[in-house]
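# Summary of the model geometry
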Amino acid sequence: MDAAAGRRSLLRNILIRTIFFFVALIVVGEFFYIARIKGRECVSDGFCFSPENLKIPSVMVGSHQAATIGESSSGLWTSKQWRKSVDYFSSLFQDLISEGYLSPDSKSLCIETSTGEDVFALREIGVVDAIGISKKVFPPLVVSGQAYRQPFDDNTFDFEFSSNGGLDRSVRPANFAAEIGRTLKPGGFVVVHTVAAKDTYSFNSFLELFNCCRFIRSRDIDVLDTSLPSIREIVLKKDIEILEHGETSPGKKCSVPGHKQEIIRNAEPLIEEEPLKPWITLKRNIKNIKYLTSMVDVSFKQRYLYVDVGARNYGSSIGSWFKKQYPKKNKTFEIYAIEADKAFHGEYRLKKGVTLLPYAAWLRNETLFFEITRDPGKKVQERGRGMGRIQPVQSSASYAADFDKVEGIDFANWLKRTVSERDFVVMKMDVEGTEFHLIPRLIETGAICLIDELFLECHYNRWQRCCPGQRSSKFQKTYAQCLNLFSSLRNSGVLVHQWW
């Protein structure tokens, strides 16, 4: 071969290699362009994961059918822990298939699944139309979405699954459940794994969240980490009509289910014998109180409220007791202060997170006389202000009194308009004798059912601190009548504690 022919062959080889390089560069560029379009994750054949298109193309990986694996995920998906998790979920899902709650044709959603083992398991057993949502995208199994704001249309899925304590950790359990009810088709099933809902109180609270659905069954199942306690698997089915799960109808007395009776039996006993020094005995009794949040799990309530009836100043009980001592279990409470005394209203305007109702809690909406009493046994009143109580008319008394007109509200009606049985309501009531009017009214209207825990100061003609052997003439009720009031509340299913 001469030199000229050799040079021509060399140039031809260089040209062919150059053309091949540019063609390869174009193909790679097109792949990366297809793989990410407008923030959506896409696979190499142009399919993009979006709420409008849930079908995921699959390939064979070893002996298992799986979704297409990206390079960034392949290491995790071949790990022993991943395989163990997938096998665990596969076993659970196969049980659900055998029971008729899941089928290969079910369009399925796994909620708050960070790395999609449950989605992978569904696809392995033949439920190919499955997707997961999480705050962080994990392609191609998990798309961006939040449990309380799902990126899907109404009535989209036949099956929804929540594991890994997603509902337990949620700060918006009501919205979490409502979104499931919205996106689940009528007749569809939802399966929730929870470490809570093991006592009857919290289980009923769980069912009240899912008013879209009917309870099917529950069972305790093992967890992957054997050092942890078992979890409860709960299966619900969406009905066509919204269920109320035993909500109390207005004006009707509430029932007292067995679990509430058990809670009351486990509460601290009432002080049966009248204390000679009630200002000491009742104050010390606070150490014996068995708080409801310490006896049951309150995780599945829709809202958490503290209602202080007869609040006086902020430090009287909200700041000094509820904020510092009540076991709130990391829940954020809405706080309502009901106080008729205008002397304290200005302080509440400066307090964030407290809603002031500048009225007197009463039987109906009407104008009342607000009486400021000054006990002669106390030389110095708290902040120069006596204790206040409401009176329909002015009355003579053996102690000094000032009167002012205030507006009274129908407290039972306000309570029923403000809260529901899905809420967790703690109430403190210190209304200077008006409790003998308010409590029967709350029981009569059924509003008492809305109160989960009540701290009540009952006012009676107790022994005076200033004058040994003398009873207060401020109140006419006896300690026995107070004891009857507490007993009637506990018989109505209310966990009531003796307040001081």
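Here we summarise the structure given alongside this text. None of these values were measured; they are calculated from a predicted model. Per chain, the residues get numbers from 1 upward, laid out in the order the sequence is written. Since the coordinates come from a predicted model, pLDDT governs what is reported: local features require at least 70, and pairs of side-chain atoms require 80 or more to be given and counted, while whole-chain, interface and lining totals use all residues. The basis for every side-chain value is the complete set of non-hydrogen atoms in the structure, without hydrogens or water.

Attention now moves to the state of the cysteines. The definition used for a disulfide is geometric: two cysteine sulfur atoms within 2.5 Å. Within this structure, the stated rule accounts for one disulfide. With a sulfur-sulfur separation of 2.0 Å, C458 is cross-linked through a disulfide to C482. Torsion about the S-S bond of the C458 and C482 cystine: about -85°, corresponding to left-handed handedness. With a gap of 24 residues between them, C458 in the loop between β20 (453-456) and α15 (479-491) and C482 in helix α15 connect regions that are remote in the sequence. The exposure class assigned to C458 is buried, which follows from its relative accessible area of 10%. Relative accessible area serves as the criterion here: at 1%, C482 is assigned to the buried category. Here a strand is any run of E in DSSP of at least two residues, a helix any run of H or I of at least four, and the numbering for each starts at the N terminus. Note on classification: 1.4 Å probe, protein chains only; a residue is buried when its accessible area is under 20% of the maximum for its type, exposed when over 50%, partly exposed between these limits.

On to the packing of aromatic side chains, then. In this description, an aromatic ring pair is defined by two values, namely the gap between the centres and the angle between the planes. Pairing of aromatic side chains here covers Phe, Tyr and the six-membered ring of Trp, requires ring centres within 6.5 Å, and sorts the geometry by plane angle: under 30 degrees stacked, over 60 edge-to-face, intermediate tilted. Counted by the stated rule, this structure contains 31 aromatic pairs. Ring centres 6.3 Å apart and planes at 80° place the aromatic pair Y326 and F333 in the edge-to-face group. Taking relative accessible area as the criterion, F333 reaches 10% and is therefore assigned buried. Cluster of aromatic residues (ring-pair linked, three or more members): Y291, Y304, Y306, W321, F322, Y326, F333, F424, F455 and W499. Two thresholds decide whether a charge sits over a ring: the Lys NZ or Arg CZ must be within 6 Å of the ring centre and within 35 degrees of the ring normal. In this structure, R172 packs its charged tip against the face of Y148, placed 4.2 Å from the ring centre. Of note, K328 hangs over the ring of F322, and the distance from its end group to the ring centre comes to 5.0 Å.

Quick look at the sheet that holds strand β5 (residues 108-111) now. Judged by pairing direction, the sheet is mixed, and its seven strands sit side by side in the order β7-β6-β5-β8-β9-β11-β10 without closing on themselves. Both outer strands of the open sheet, β7 (142-144) and β10 (213-221), are each paired with one neighbouring strand and no more. For this sheet, the mean angle separating the axes of adjacent strands, direction not counted, is 20°. Running at roughly 30° to strand β11 (residues 231-238), helix α7 (residues 200-209) makes contact with β9 (184-194), β10 and β11 of the sheet. Any two strands with at least two DSSP bridges between them are considered paired. A fitted line through C-alpha atoms serves as each axis, taken over the contacting stretch for helices, and the angle formed by two N-to-C directions is quoted from 0 to 180°. Contacts are residue-level and defined by heavy atoms, with any inter-residue pair within 4.5 Å sufficient.

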